[in-house]
Amino acid sequence: MKYILLSFLLIGISACQNSSLSPKGVSNAISSKKAIDSKEPLTVIGGDLTYELINQIQTNHKLYGVKFNPNDNTLIGYGDSDIIDIYSMNLKPIYSLKSKNDEINSIDISSNGAFLVSGGDDGYVEVWDLKTHKLIHKLQSSSKDIFAVAISSDGKKIASGGAEKVIDIWNRASGEQIARLEGHQDSISNLSFIDFNRKIVSTDDKQTKIWDVTRKKIVYSYLTPSNEYGKIKKIKSFDDYTISGLTEVESAEGNSRRRNGPPIWKYTIKFEDNQGNLLQEFNQHRGDITGIDVSNNRSYMASSSKDRTVRLWDLEKRRAISNIILKDSANGVAINKSGHLLVALEGDSRIKLFQIGSSYSPTTNSSQTSSYTNNKTKNQPKDWYHKQYAIVVGINSYKRKSIPTLENALNDAHSVAKLLRDRGFSVIELYNDNATKDRILDALKKIRQLSSPNDSTLFYFAGHGDGVTGKNGVREGYILPFDFSSDLNSPTTDVMYYDKSALSISSLVMYSRDTDAKHIDIVLDSCFSG
């Protein structure tokens, strides 16, 4: 049975110093650390991710791309060579596969990491066993030059496309060709299986097409650039939308054939549903987009560009997080299955490995926002719970200066965080300007994602609270995040107004009930919130 304990305390008014956490950038020197992965997928909390350069390697030929094996985090690089190189998670060379193609334009890896499919300039589609490193099939496609390959999520089908504008579908186990899809007007550059492998998304320079594999026909077809002068560079497709990296002309009038002078270019990432309806658009890049990848849980996206940046994006909130600045063009990017590792291609032949993290993930170590050090775990009730998670929020001073400053909230929160760690909890700490509503909600989502029926969770808040009685006479209690936008000296009875920037107690209880943990505690050290 699940228990939720909701406690309310009162606080006094005094003052304390806050120390905030700033994201980690790329160091001039390569880190001596080794890359660290986790079974727990990385979650963006409050729109912040950190990154750190761990290692880099220079290859002896031009690279077109790199991918992570989802099974063991090995890295596979390919390009202007008949050699496909396999590296360890820390970029140590492991093995090389010799292709029948003189250069490799595209690869894909099965979801279980067992098979690799490659396609190249001599028209061969090759299927490799990644455990034995043996070539299983060498398939001759309809195209003399293969630009795109894809393997279905169940590993049973392979798709290939290229210069001949035809998509070939193959049986992965037997190597038999089972379908041919015709309808593109230009060379096929991108392929993805979607909808439980019943459909394929394909693109040429202009068109995105969605195919029914069983019926061998086009379901939807739409112009992806804004006008005929744009060009599709890269795509990443899912069942519900496709992300496209485009080079476009600002308007038809901007084309050199319509007016004097050069065209005005923009570099766009578009999110479109599978009927071509625009959902979202990013225009921050200043050069051709060379790569798009998304963490397995769709928490964040990375895009690479000729503008020498790899940009990280919060996919849930659809906004920019941070930029990784390179010394040369960023010619590709890949994220591992958990989202904790990222590789970027710098220039023609350098692979750079980055550790990606969240400043606010649960940890048993004292965070940089805490002034306390962690003691060895003691008195952990191992017989009661498998794991214990906590969110500790402390706010002395608020963004809105008319809200009174508190003295003890931050000290109390620090003390509670230390006490919980001493008892075996993994703790997320959010203090002062880090304790925004977005970050608190994201932390609650993270704990919900992590907790199991054998775990316990605790939410502790020390800061201002308030209560609002609406027009119907029903009173609702609220805790106030750092970015609370109302004025306590001019209270409002509009409950919906409070919901924009405060967190209601009923919402907090609802989120807790949606968590799988065995025991759930909510401790609110705040005035008037109950």
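A short tour of the structure in this document, coming up. In this text the structure is predicted, and so the values were computed from the model without any measurement.

Definitions and cut-offs
- Residues numbered from 1 in each chain as written.
- Predicted model: local features only at pLDDT ≥ 70, side-chain atom pairs only at ≥ 80, totals over all residues.
- Heavy atoms only, no water.
- Helix = DSSP H or I, 4+ residues; strand = E, 2+ residues; numbered from the N terminus.
- Buried < 20%, exposed > 50% of the residue type's maximum accessible area, 1.4 Å probe, protein only.
- Contact = heavy atoms within 4.5 Å.
- Areas by Shrake-Rupley, 256 points an atom, 1.4 Å probe, with all protein chains shown as cover.
- Expected span 1.5 Å × (residues − 1).
- 1 Å grid on protein atoms, 1.4 Å probe; cavity = no way out; pocket = protein on both sides within 12 Å on 5 of 7 lines; lining within 4 Å.
- Points joined across faces, edges and corners; volume = space filled by probe spheres on them.
- Nonpolar A, V, L, I, M, F, W, Y, C, P; charged D, E, K, R; others polar.
- Pairing = 2+ DSSP bridges.

1. Describing the overall build of the chain
- Per the secondary structure count, the chain includes four helices and 36 strands.
- When burial is assessed residue by residue, the chain has 55% of its 530 residues classed as buried.
- At a minimum sequence separation of 6, the contacts of the chain that also span at least 24 residues come to 56%.
- Accessible surface, the chain as shown: approximately 23400 Å² in total, 46% of it carbon and sulfur.

2. What to know about helix H2 (residues 437–450)
- In a regular helix each residue adds 1.5 Å, so 14 residues correspond to 20 Å; H2 covers 20 Å between its end C-alpha atoms and thus fits that length.
- Most of H2 sits inside the fold, with 10 of its 14 residues counted as buried.

3. Brief notes about the side chain of Ser456
- In this structure, Ser456 sits in strand E32 (residues 456–462).
- Residue classification places Ser456 among the buried residues on the basis of a relative accessible area of 5%.
- Those residues within four positions of Ser456 in sequence are excluded, and the remaining contacts are Tyr385, Lys387, Gln388, Tyr389, Phe425, Ala517 and His519.

4. Details of empty space enclosed by the protein
- Under the counting rule described, the total for this entry stands at one cavity of 30 Å³ or more.
- Of all elements in the fold, only H2, E32, helix H4 (505–513) and strand E36 (519–525) reach the threshold of two or more residues within the lining of the largest cavity.
- The residue inventory of the lining of the largest cavity, partitioned by class, reads eight nonpolar, three polar and two charged.

5. Concerning the pairing of strand E25 (residues 309–314)
- Among the six residues of E25, six are classified as buried, and the element is accordingly described as predominantly covered.
- Here E25 shows a buried face lined by Thr309, Arg311 and Trp313 and a second buried face lined by Val310, Leu312 and Asp314.
- Both strand E24 (residues 300–305) and E25 contribute to a ladder of five bridges, which runs antiparallel. Of the residues in E25, the one forming a bridge with Ser303 is Arg311.
- Hairpin connection from E24 to E25: three residues lie between these consecutive antiparallel strands, with Arg308 at a positive phi of about 70°.
- Relative to strand E26 (residues 319–325), E25 runs antiparallel, the two being bridged by six bridges. Bridging from a neighbouring strand, Thr309 pairs with Ile325 of E26.
- Here E25 folds back onto E26 in antiparallel fashion, the turn holding four residues, of which Arg318 has a positive phi close to 55°.

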